[in-house]
Amino acid sequence: MNHLSSLEFTPQTILAKYDPESKIKQYLTLLKAENQKINLVSRETSDADLERLAAESLLPFEAIGHCSFNSYLDIGSGGGFPAFPILMSSKIGKATLIERTKKKAIALGRMAGNLGLKIKVLDSNFEECQISEKFDLITLRLVRPTKPLLKKISQLLKTGGTLVYYSDFKDIPEIGLESDSYSYISIPQGGTKHFTVFVKQ
């Protein structure tokens, strides 16, 4: 794994770059409404925090260098970060979101319908999902990448496909994935965070 230099950014700069038409604001509005029914994100999350989470969802594209994928899989989708910001700011062919909590999965499907996004939402554990297709992009956030999970992900990635893990990860097993770890600081919040980009060889 290569550890690369820190990125400094403001959420507004990243959102303006990748979402110039401010489509993501529609998602954040729907998310706040859904959050009154079911706890998708902490009730204490401010509007500024939601903007930062949306920007952090898109920040890896500063490293990946492109935003067009024929197929996309998000594992452990929760309230929709990073999947919805990616879907609303990128060119995605087919998209599948996996969220094991049925109520959250239903909420994700409802938001997608309101936003006109054609996606598949699976309410299951990733390990139990029977998926036959392969993906250009897979994202993983707030899910620990164990060796069995990474092996399954590697099998689902196309050659040259990208996995983005929204944290740092030490002691990566040898499963045919090259990786680079990036650190970043969100201004003005501060504090160093990490994401890791894996590429299937």
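Here, the structure is the one placed above.
Described below are features of the structure shown in this document.

Parameters at a glance
Residues numbered from 1 in each chain as written. Predicted model: local features only at pLDDT ≥ 70, side-chain atom pairs only at ≥ 80, totals over all residues. Heavy atoms only, no water. Salt bridge = Lys/Arg side-chain N within 4 Å of Asp/Glu carboxyl O. Helix = DSSP H or I, 4+ residues; strand = E, 2+ residues; numbered from the N terminus. Buried < 20%, exposed > 50% of the residue type's maximum accessible area, 1.4 Å probe, protein only. Contact = heavy atoms within 4.5 Å.

What about the pattern of salt bridges?
Any two side chains of opposite charge can pair if their charged atoms end up close together.
Point 1. Within the structure shown, the criterion is met by 10 salt bridges.
Point 2. A salt bridge links E56 to K193; the nearest nitrogen and oxygen atoms lie 3.2 Å apart. Here the residue E56 occupies a position in helix 3 (residues 47-58), and K193 occupies one in strand 8 (residues 192-200), the gap between them amounting to 137 residues.
Point 3. K102 serves as the salt-bridge partner of D123, at 3.0 Å between the closest nitrogen and oxygen. One end of the pair, D123, is in the loop between strand 4 (120-122) and strand 5 (135-140); the other, K102, is in helix 6 (residues 102-115), and 21 residues separate them in sequence.
Point 4. Given the relative accessible area of 35%, D123 is considered partly exposed.
Point 5. Among the ionic contacts, a cluster of salt bridges with common partners joins D49, R52, E56 and K193.

Digging into the side chain of T162
Point 1. Looking at the secondary structure, you find T162 in strand 6 (residues 157-165).
Point 2. Residue T162 is classed as buried on the basis of its relative accessible area of 6%.
Point 3. Setting aside its immediate chain neighbours within four residues, T162 contacts I64, D136, L137, I138, L157, V197, F198 and V199.

Here's the deal with unusual backbone geometry
Point 1. Omega for the peptide link from F81 to P82 comes to 5°, which places this bond in the cis form.
Point 2. Tracing the chain through its elements places P82 in the loop between strand 2 (68-75) and helix 5 (83-89).
Point 3. Cis geometry is found at the peptide bond from I187 to P188, where omega equals 10°.
Point 4. Note on placement: P188 falls in the loop between strand 7 (177-186) and strand 8.
Point 5. Phi is positive for S22, which is not a glycine, with a value near 55°.
Point 6. A relative accessible area of 32% places S22 in the partly exposed class.
Point 7. In this model, L142 sits at a positive phi of 60°, which is unusual for a non-glycine residue.
Point 8. By secondary structure assignment, the location of L142 is in the loop between strand 5 and helix 7 (147-156).
Point 9. For L142, a relative accessible area of 72% corresponds to the exposed category.

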